[in-house]
Each structure stands twice: as C-alpha cells, then as structure tokens.
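Per-entry structural report
Listed here are the chains, written in short residue letters.
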Amino acid sequence: MAGKKATRVPRAAYEEELLRLQTELAKLQEWVRTTGARLVVIFEGRDAAGKGGTIKRVAEHLNPRIARIAALPKPTERERGQWYFQRYIQHLPAAGEIVLFDRSWYNRAGVEHVMGFCTEEEYQLFLRQCPIFERMLVEDGILLRKYWFSVSDTEQQDRFRKRLEDPLRRWKLSPMDLESISRWETYSQAKDVMMVHTDITEARWFVVESDDKRRARLNMIAHLLASVPYHDVPPPVLELPERPASTGYQRPPRDLRTYVPDHAAKL
C-alpha cells in the first residue's frame, strides 16, 4: 500500500516545476557527456504505477544518442540459456551515456517469481547474485539509481479501468496486468523479500509514492538530480552564419514531386 494520499499537485505548478527540472536534466546530460560519466536509472514498481509516464518526462528533452531507454522484451530461447544478467549487461552505458531501464533485471524478483516463469533455484540464485552484480557496477564507476514506484490497490484498479476504456491507452493493458490484481499480496511479499536482499548501501532503493502521478514525477526527478554531483558545463560558443548569396540555383517545379495532402486545411 502507498502511504497517506497527498493533495494533488495543481497542473500549473506541476508544469512550471517540471520544465525547471527538465532544464536541469539537460545540464546533467551535458555533464555526463563531457565527463564520461555512466548513469543507470532503474524504474520498477507495480503495473500502472506510473513508471512509463515518468520515464517519458525524464527523456523528453534529452538527446536519444546520449540518454536511451532500455525496455527489453521477453527473453529469446538463446537468452534463456545465458547467465541471467547477460542480456542486461549489453544495454549498460558506455562513457558519456545514460540508460533508463523501464523494468530491469528485477523482473526475476517480481513477475518471473510470482508467475512461475523461473524456478525456485533460479530465483534464490538471483537474490544471492544481484547484490554482488550491482556492487561490481558501482565499483567500476557506474552511477546506479533504483526507484520503486508504489501505488495503492484502489488507484491501480482505477488506472486499469481507464486503460480498458481508453482506445489510446488500451495497449498498455495486458492479461498479465489483470492477473496482478488477484495476486496483489503475493507481489507485495515478493517486493518485500527483494528489498531485504537488494537494498544495499552501494545501491539503495528509493520508493516513490505514485498515487499522484504529477507529484511522483517531480519527486523522482528532483531526487535523481540531487543524488548526482553534476555541475553546469559551459556550452560551446556558436554563431549563426550569414546565408550566402544565391548562385542561381532554381528549385524544380512542384509538379515533379508528390506532396502529402493538406489534411489540416479541412479543419
């Protein structure tokens, strides 16, 4: 369960503060690029907890060549025969990059364990190896941040209902999501065990109360910015050059090209 429900953040205040935070994220990105830092941000939580919307706001104004989203599909047959962490390692950042994991290796501690997609032995091995794996990442210099989005059962149910009724969001709802409703307590127990084993000093879990999506987004982004020792990097000095005089180029006749119909003219 999430904690006591806070007052919803007004839209005007939300949009103003979000823009300010996104401006800081752009500064963080430039710091990562110029210093060669490597930043990994993990987004975990229940279905419909607001992870995707937060990731969208984090990445909205960032350069996709520097900050990319890793949202892995189900493992292939070959990947199922690999060391569990192997398929995630190839998505880790190189110097000067940021990777936002929309779910991560913690699938094994959550949905795979609860739904029986892994064996008990594989689950227990994950709980033992995960802290070691993350300590290795941090020891190698990766900045690792882990966020758990916590949503109440009533709010999750309401979001599922809205997704079911909205054709633009219907794709977000899967049979697996609906199955999670009947397994609420099982998922809660799995999360508690996961936290006990993996909330380590080198890579702590930070819980984001997410019944109010606006509040969750602002709180998460502000915390991320405060946790990284970035600083302003002066941008290169650029000047817009004067357009050179024409040398006689003539544009081909319009009827030689096929143009998109002017749909907007009908509005």
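Note: the structure precedes this text.
So, here is what we can say about the structure in this document. Just so we're clear, the structure is a prediction, and the values are computed from it rather than from any experiment.

A look at the nonpolar core
Membership of the largest hydrophobic core comes to 33 residues, with the highest contact counts inside it found for Leu28 and Met220. Going through the elements one at a time, helix H1 (11-35), strand S1 (38-45), helix H2 (51-59), strand S3 (97-102), strand S4 (143-150) and helix H10 (213-227) are the ones with two or more residues in this core. Here this core gets 7 residues from one element, more than from any other, and that element is H1. Non-local contacts of Met220, meaning those with residues more than four positions away in its chain, are made with Val41, Phe43, Thr54, Val58, Tyr147, Phe149 and Val208.

Things to note about the pattern of salt bridges
Under the defined criterion, the tally for this structure stands at 23 salt bridges. Put simply, Arg135 and Glu202 hold a salt bridge, and the shortest N to O gap is 3.2 Å. Taken as a pair, Arg135 in helix H6 (residues 120-139) and Glu202 in the loop between helix H9 (184-198) and strand S5 (205-209) lie far apart in primary sequence, 67 residues in all. Assessed through its relative accessible area of 37%, Glu202 is described here as partly exposed. A salt bridge links Asp166 to Arg169; its shortest N-O distance comes to 3.1 Å. Residue classification places Arg169 among the partly exposed positions, given a relative accessible area of 27%. Residues joined by salt bridges that share partners form a network here, namely Arg8, Asp212 and Arg215.

A few points about the packing of helix H7 (residues 153-165) against helix H8 (residues 175-182)
Axis separation between H7 and H8 bottoms out at 11 Å; the angle between their running directions is 150 degrees. One element, H7, and the other, H8, form an angle in the roughly antiparallel class. Between H7 and H8 lies a crossing whose hand is left-handed. Here Gln156, Gln157 and Phe160 of H7 lie close against H8, whose contacting residues are Asp177, Ser180 and Ile181.

Some thoughts on the sheet that holds S5
Strand order across the open sheet formed by 5 strands is S2-S3-S1-S4-S5, with parallel pairing between neighbours. Here the strands that pair on one side only, and so sit at the sheet edges, are strand S2 (67-70) and S5. The average undirected angle you get between the axes of adjacent strands in this sheet is 20 degrees. Two elements, S4 and S5, share 5 bridges in a ladder whose sense is parallel. For Tyr147, the partnering residue across the bridge sits in S5 and is Phe206. Here H2 sits on the sheet in contact with S1, S2, S3 and S4, set at roughly 155 degrees to S1.

Describing the packing of H2 against H10
For any two helices packed against each other, one specifies the inter-axial angle together with the distance between the axes. Between H2 and H10, the least distance of the axes is 10 Å, while the angle of their chain directions is 50 degrees. Judged by the inter-axis angle, H2 sits oblique to H10. For H2 against H10, the interelement crossing comes out right-handed. Side by side, H2 and H10 meet where Gly53, Thr54, Arg57 and Val58 of the first sit next to Arg217, Met220 and Ile221 of the second.

A closer look at the side chain of Ser152
Note on placement: Ser152 falls in the loop between S4 and H7. On the accessibility criterion, Ser152 (7% relative accessible area) is buried. Side chain to side chain, Ser152 and Asp211 meet in a polar contact 2.8 Å long.

Parameters and conventions
Residues numbered from 1 in each chain as written. Predicted model: local features only at pLDDT ≥ 70, side-chain atom pairs only at ≥ 80, totals over all residues. Heavy atoms only, no water. Core = buried A, V, L, I, M, F, W, Y, C linked by side-chain atoms within 4.5 Å. Buried < 20%, exposed > 50% of the residue type's maximum accessible area, 1.4 Å probe, protein only. Helix = DSSP H or I, 4+ residues; strand = E, 2+ residues; numbered from the N terminus. Contact = heavy atoms within 4.5 Å. Salt bridge = Lys/Arg side-chain N within 4 Å of Asp/Glu carboxyl O. Axes fitted to C-alpha atoms, helices over the stretch in contact; angles between N-to-C directions. Parallel < 35°, antiparallel > 145°, perpendicular 65-115°, else oblique. Left-handed = near helix turned anticlockwise from the far one by under 90°. Pairing = 2+ DSSP bridges. Polar contact = N/O pair within 3.5 Å; in protein donor to acceptor, adjacent residues only side chain to side chain.

Just geometry here; none of it tells us what the structure is for.
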